[in-house]
Amino acid sequence: MSDTLPPLPKPQRQSDGPLFLELGPGLGAGVQADEPCLRADAARNRARLLEAAARLVAEHGAAGVTMEAVAAAAQVGKGTVFRRFGDRTGLLMALLDHSEKKLQTAFLAGPPPLGPGAPPVERLRAFGVAVLRRSFDELELQLAAEGEPSRRFASAPHLVRSGHITMLLRLAIPDADCELLAKTLMGYLDPALIHHLTKQCGMTPARLEAGWIDLVDRIAGGTASY
């Protein structure tokens, strides 16, 4: 097993398309476009590390995922894990990458009402419900993957979601401060709040979903049932 893995690429904005969480294998220093064997080796190493991390989550929960534990499970040096993912937050975000991209594909290009083709208020309702349901399924991992505010609010998934909500609000209520309202709506979908409401306050997922729809309707209008 090679101990040399390429560094984690940073999320980048693309001027002609949506912003996705870019946690796939990249090219490191010294790796040229005509070196497919090195790239393939990096992809295999990344997959092996993520498989080891996923096993640790299944066996011990998100708390059991440390850089040291993943290195031991994958039988590589700890430095390999750090070079590939940067830190524990980067590793946990990579574990969430697959479901995040599925969600992004659904609301950016999937069928309505979540995807294009439905009125903006209906899309807002469907968007929040989809995000909530994903959080219900992956709440522990999402909480563990949250970084410091400067990193958390600048992450690719946060920027994509915030931008999507802003766009829908501008279509529904163009005279409002849609950027600020989008941040407010994003707060409702925060994993820490979802954890507090479901685990500490005993609220059901159905109540949170209904609360999101009510909040959207009060902010952006709309009377049709979801």
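Just so it is clear, the structure is predicted and the values come from calculations on it, not from any experiment. (Residues numbered from 1 in each chain as written. Predicted model: local features only at pLDDT ≥ 70, side-chain atom pairs only at ≥ 80, totals over all residues. Heavy atoms only, no water.)

Draft legend 1. Representation of unusual backbone geometry within the structure. The peptide bond linking P112 to P113 adopts the cis configuration, its omega dihedral lying at 10°. You can see P113 is positioned in the loop between α4 (88–109) and α5 (120–145). One non-glycine residue, Q75, adopts positive backbone phi at about 60°. Position of Q75 among the secondary structure elements: in the loop between α2 (67–74) and α3 (78–85). (Helix = DSSP H or I, 4+ residues; strand = E, 2+ residues; numbered from the N terminus.)

Draft legend 2. Focus on the layout of surface pockets. Computed from the structure, the largest pocket encloses a volume of approximately 490 Å³. For the lining of the largest pocket, the secondary structure elements donating two or more residues are α4, α5, α6 (149–152), α7 (156–172) and α8 (178–188). Classifying every residue of the lining of the largest pocket gives nine nonpolar, seven polar and eight charged. (1 Å grid on protein atoms, 1.4 Å probe; cavity = no way out; pocket = protein on both sides within 12 Å on 5 of 7 lines; lining within 4 Å. Points joined across faces, edges and corners; volume = space filled by probe spheres on them. Nonpolar A, V, L, I, M, F, W, Y, C, P; charged D, E, K, R; others polar.)

Draft legend 3. Molecular detail of the pattern of salt bridges. Taken as a whole and judged by the stated rule, the model has 11 salt bridges. With a closest N to O distance of 2.9 Å, R125 and D217 form a salt bridge. Here R125, found in helix α5, pairs with D217, found in helix α10 (residues 205–220); they are 92 residues apart in sequence, far enough to count as distant. Across the pair, exposure class does not vary: R125 and D217 are buried alike. When salt bridges with common partners are traced through the structure, they connect E100, R134, E138 and R161 into a single cluster. (Salt bridge = Lys/Arg side-chain N within 4 Å of Asp/Glu carboxyl O. Buried < 20%, exposed > 50% of the residue type's maximum accessible area, 1.4 Å probe, protein only.)

Draft legend 4. Local environment of the nonpolar core. Membership of the largest hydrophobic core comes to 30 residues, with the highest contact counts inside it found for L124, F127, L132, I165, L169, L189 and W212. Going through the elements one at a time, α4, α5, α7, α8, α9 (191–200) and α10 are the ones with two or more residues in this core. Ranked by residues supplied to this core, first place goes to α5 with nine residues. In this structure, L56, A62, V65 and M67 belong to the second largest nonpolar core, which totals 21 residues. (Core = buried A, V, L, I, M, F, W, Y, C linked by side-chain atoms within 4.5 Å.)

Draft legend 5. Representation of the environment of D190 within the structure. Positionally, D190 belongs in the loop between α8 and α9. With relative accessibility at 16%, the residue D190 sits in the buried group. C-alpha separation for the pair D190 and L143, spaced 47 residues apart in sequence, amounts to 9.3 Å. Excluding its chain neighbours within four sequence positions, the residues that come into contact with D190 are E146 and R152. For D190, the side chain forms a polar contact with the main-chain nitrogen of A192, separated by 2.9 Å. (Contact = heavy atoms within 4.5 Å. Polar contact = N/O pair within 3.5 Å; in protein donor to acceptor, adjacent residues only side chain to side chain.)

Draft legend 6. Region of interest: the packing of α5 against α9. Interaxial distance between α5 and α9 falls to 10 Å at its minimum, and their mutual angle equals 100°. Regarding the angle of α5 to α9, the classification is roughly perpendicular. For the pair formed by α5 and α9, the contact residues are L132, S135, F136, L139, Q142 and L143 on the first element and P191, A192, I194, H195, T198 and K199 on the second. Of the residues belonging to the contact of α5 with α9, the class tally is seven nonpolar, four polar and one charged. (Axes fitted to C-alpha atoms, helices over the stretch in contact; angles between N-to-C directions. Parallel < 35°, antiparallel > 145°, perpendicular 65-115°, else oblique.)

Draft legend 7. Main features of the packing of aromatic side chains. A complete count under the given rule lists two aromatic pairs for this structure. Centre to centre, the rings of F107 and F127 are 5.0 Å apart; their planes meet at 85°, and the pair counts as edge-to-face. Of this pair, F107 sits in helix α4 while F127 sits in helix α5; the two residues are 20 residues apart in sequence, bridging distant segments of the chain. Geometry around F85 places R84 over its ring, the cationic atom sitting 5.7 Å from the centre. (Phe/Tyr/Trp six-rings, centres within 6.5 Å; stacked < 30°, edge-to-face > 60°. Lys NZ or Arg CZ within 6 Å of the ring centre and 35° of its normal.)

Draft legend 8. Local environment of the packing of α5 against α7. Relative orientation of the contacting elements α5 and α7 amounts to 155°, with a least axis distance of 9 Å. As judged from the angle between their axes, α5 and α7 are roughly antiparallel. Read as a crossing pair, α5 and α7 show a hand that is left-handed. Across the interface between the two elements, P120, V121, R123, L124, F127, V131 and R134 from α5 touch R161, H164, I165, M167, L168, L169, L171 and A172 from α7. (Left-handed = near helix turned anticlockwise from the far one by under 90°.)

Draft legend 9. Here's a closer look at α2. The complete set of buried residues in α2 reads M67, V70, A71 and A74. Across the axial projection of α2, the buried residues extend over an arc of 100°, all falling on one side. Looking at the residues trailing α2, positive phi occurs at Q75, about 60°. (Arc of directions from axis to C-beta.)

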